[in-house]
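# Architecture at a glance
Residue strings, one per chain:
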Amino acid sequence: SSVRLVSPRPNVAMLRVVIVEDDETTRHALRALISATGDYQCVGAYGSVEDALASPSWPVDVVLLDIHLPGMTGVEGVRPLTAHWPNAQILMLTVFPDDDKVFASICDGAVGYLLKKTPSHELLAAIRDGGFRLLAATVGPALGAVLRWARVLLRFGFAGRHGGGGGMGRVFVL
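The text that follows walks through the structure, step by step, so that each part is easy to find.

Cut-off values and rules
- Residues numbered from 1 in each chain as written.
- Predicted model: local features only at pLDDT ≥ 70, side-chain atom pairs only at ≥ 80, totals over all residues.
- Heavy atoms only, no water.
- Helix = DSSP H or I, 4+ residues; strand = E, 2+ residues; numbered from the N terminus.
- Buried < 20%, exposed > 50% of the residue type's maximum accessible area, 1.4 Å probe, protein only.
- Polar contact = N/O pair within 3.5 Å; in protein donor to acceptor, adjacent residues only side chain to side chain.
- Pairing = 2+ DSSP bridges.
- Axes fitted to C-alpha atoms, helices over the stretch in contact; angles between N-to-C directions.

The next point concerns the environment of Tyr113. Along the chain, Tyr113 falls in strand 5 (residues 112–115). Residues Tyr113 and Asp66 lie 47 residues apart in sequence; the distance between their C-alpha atoms is 9.7 Å.

Below, the discussion takes up helix 4 (residues 99–107). Of all the residues in helix 4, the buried ones are Val102, Phe103, Ala104, Ser105, Ile106 and Cys107. At the C-terminal side of helix 4, Gly109 shows a positive phi close to 125 degrees.

Along the chain, Asp61 turns up in the loop between helix 2 (49–53) and strand 3 (62–66). Since its relative accessible area comes to 9%, Asp61 is described here as buried. At 2.8 Å, the side chain of Asp61 and the backbone nitrogen of Arg16 are in polar contact.

Time to look at the sheet that holds strand 3. Read across the open sheet, the five strands follow the order 2-1-3-4-5; overall the sheet is parallel. The open sheet is flanked by strand 2 (40–46) and strand 5, the only strands paired with a single partner. Between one strand and the next, the sheet's axes are offset by a mean angle of 25 degrees, whatever the strand orientation. With six bridges connecting them, strand 1 (residues 15–20) and strand 2 associate as parallel partners. Directly across from Arg16, in strand 2, lies its bridge partner Gln41.

So, to be careful, I would describe these as geometric facts and stop short of saying anything about function.
Structure, rendered in structure tokens:
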């Protein structure tokens, strides 16, 4: 399957958000933040990709996906979650940036990457923007360079990665 490029979402009255985060405290905090914001609705909060995939395939606008999960990792979960919720934008969350995992996630369909220490108002703005405001001040210069390269590859027609599965050896074709 090819990498999806989408434009920032128009003003939508109520954004439906799913959280996939194994840390219960973080999951509950994110759910409380989203639920307390008038134009956001948390429609699901799961401790693993497998739990999220077992849920009904109702309409979802944004998935906040932890990159380090037990079982199927967040990076491995991007494609199946995109198939499960085809209209959802996936934003990766983590404690610390990992350039290889960010790049792999974006190549597989994630639209953005945020650190968990991102201030609440910036996190909510990134959800609203569908990941298109990548919070350059938060991700830092090294990660910003990786994201710029991913966008260049996508702009010039790279269809995605081949070979399936995890690990290295990602091959791009024109």
